[in-house]
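Topology and contacts: notes
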Amino acid sequence: MPTRRASGTSVESGTAAGGSDASSSTRFTEPLRRRLVAQAIDFLATEYELDAAQQRALHALPIVWRRRHGCSVFYMKPKHGFAGPHILVSVPRGATARWSVYRRVRVGLVAPPQGIEMPVALFAAVVLVHEFTHAIQHGVCGTPKRPYGEVETTDNEIRFIEKVAPDVHAQLLPLKAKPRKRGTGAGARRVRETRPTVPPEGVPPIWPTRMLVAMWNRLVLAPLGLTSAPARRCPAVKAPRPTRAG
Ligand SMILES: [Zn+2]
C-alpha cells in the first residue's frame, strides 16, 4: 500500500524548475516524465493489486509525448512506428492545463463546464492514469480483460486526483441522473446515462459547430463570395477546451 501523497504538490514540486512565473512553460524532462509515469502506475497498482511483473509490463508500454492541445489515446494496434500497444500523451503548452472528464452518472462527479485548472504535470499524470486504465482494460499487463469503457477511466482519474490533489477534487461537482419526463407514456425513453458536454471518443462534434459554420457561411461569407475552410477536428476526441484524456 503506497503512502497517501499529501497533495498535488508532489507532482507540482517537480515542475518548479521554470520558477514561480505561472506563465512559464513546464519542461517535460525525462526525469519528470518517468516520475509521472511511476506515479500513475503506482496508483493503478494499488487499485488493481498488480504484481511486480504486471507493473513492469505497464512501465514497458511505449509513450509518445506531445506538447500540444489535443487527444491523448491508448493504441492497441501498430501506429506511430510502434508494433503494438502504446500511449499517446498530449499535454498543452504552458504551466497549467484545464482538466475535464467524461460525464458519467455512475461516477457521480463531473468537472465544471470550464474545466479545472491545474499544473500541466499533474494534468499529464491524470492523463496517464486514464490511458493506462485502458491498457489494463485490454489486459496488456497480463490481468484478465475488462470491459472497455470510460466509466472506469473517469472513476480512476477522479480517485487519483482525490488522492494526490484534494484541493482539485474539491472543485468537482456532483452529477445525478436527470429525472424521467412525466406524461410521455409507453414511449417514455430511459433517461440517458450520459449527456456529454464534450463528444465521446470517435464522435465528431457535429453540433453546434456545423450549424454555426453553416450559418457563418450563409450570412457572412457567401455575400462576400467566400466560403470557410472546414474546421480541423481531432478524430479521437473533442472540443478545443478544456482538455480531457481520450
Ligand atoms: Zn478513454
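None of the values given here were measured: they were computed from a predicted structure. (Residues numbered from 1 in each chain as written. Predicted model: local features only at pLDDT ≥ 70, side-chain atom pairs only at ≥ 80, totals over all residues.)

Let us now look at the overall build of the protein chain. Helix and strand content of the protein chain: seven helices and seven strands. Start at the N end of the protein chain and walk to the C end: the helices and strands fall as α-α-α-β-β-β-β-β-β-α-α-α-β-α. A total of 246 residues make up the protein chain; the buried ones form 31% of that total. For the protein chain, contacts bridging at least 24 residues in sequence account for 70% of all contacts bridging at least 6. (Helix = DSSP H or I, 4+ residues; strand = E, 2+ residues; numbered from the N terminus. Buried ≥ 20, exposed ≤ 12 C-beta atoms within 10 Å, placed from the backbone. Contact = placed C-beta atoms within 7 Å.)

Next up on the list: the packing of helix α2 (residues 30-48) against helix α3 (residues 52-59). Packing of α2 against α3 leaves a shortest axis separation of 10 Å and a crossing angle of 145°. Like other packed secondary-structure pairs, α2 and α3 cross with a definite hand, here right-handed. Here V37, I41 and A45 of α2 come into contact with α3, specifically with Q55, L58 and H59. The residue makeup of the contact of α2 with α3, split by class, is four nonpolar, two polar and no charged. (Axes fitted to C-alpha atoms, helices over the stretch in contact; angles between N-to-C directions. Left-handed = near helix turned anticlockwise from the far one by under 90°. Nonpolar A, V, L, I, M, F, W, Y, C, P; charged D, E, K, R; others polar.)

The first and last C-alpha atoms of α2 sit 27 Å apart over 19 residues, in line with the 27 Å expected at 1.5 Å per residue. Buried within α2 are the following residues: L36, V37, Q39, A40, I41, F43 and L44. One or two positions beyond α2, positive phi appears at E49, with a value near 50°. (Expected span 1.5 Å × (residues − 1).)

Let's shift gears to the environment of L172. For L172, the location among the structural elements is in the loop between α6 (166-169) and β7 (173-174). According to the C-beta neighbour criterion, L172 is partly exposed, with 19 such atoms within 10 Å. Between the C-alpha atoms of L172 and I158, which are 14 residues apart in sequence, the distance is 8.8 Å. Leave out the neighbours within four places in its chain, and L172 touches L109, V110, A111 and I158.

With mixed pairing, the three strands of this open sheet are ordered in space as β1-β3-β2. The two strands at the open ends of the sheet, each matched to only one other strand, are β1 (63-66) and β2 (73-75). Averaged over all pairs of adjacent strands, the angle between their axes in this sheet comes to 15°, without regard to strand direction. Bridging between β2 and strand β3 (residues 86-90) involves three bridges; their strand directions are antiparallel. Looking at β3, one finds that Y75 is bridged to H86. (Pairing = 2+ DSSP bridges.)

Viewed as axis vectors pointing N to C, α2 and helix α4 (residues 120-137) meet at an angle of 50°, and their least axial separation amounts to 9 Å. One way to sum up the angle between α2 and α4 is to call them oblique. Two packed elements cross with a definite hand, and for α2 against α4 that hand is right-handed. Residue-level contacts link L32, L36, V37, Q39, A40, I41, F43, L44 and Y48 of α2 to A121, A124, A125, L128, V129, F132, T133 and I136 of α4. Partitioning the contact of α2 with α4 into residue classes produces 15 nonpolar, two polar and no charged. (Parallel < 35°, antiparallel > 145°, perpendicular 65-115°, else oblique.)

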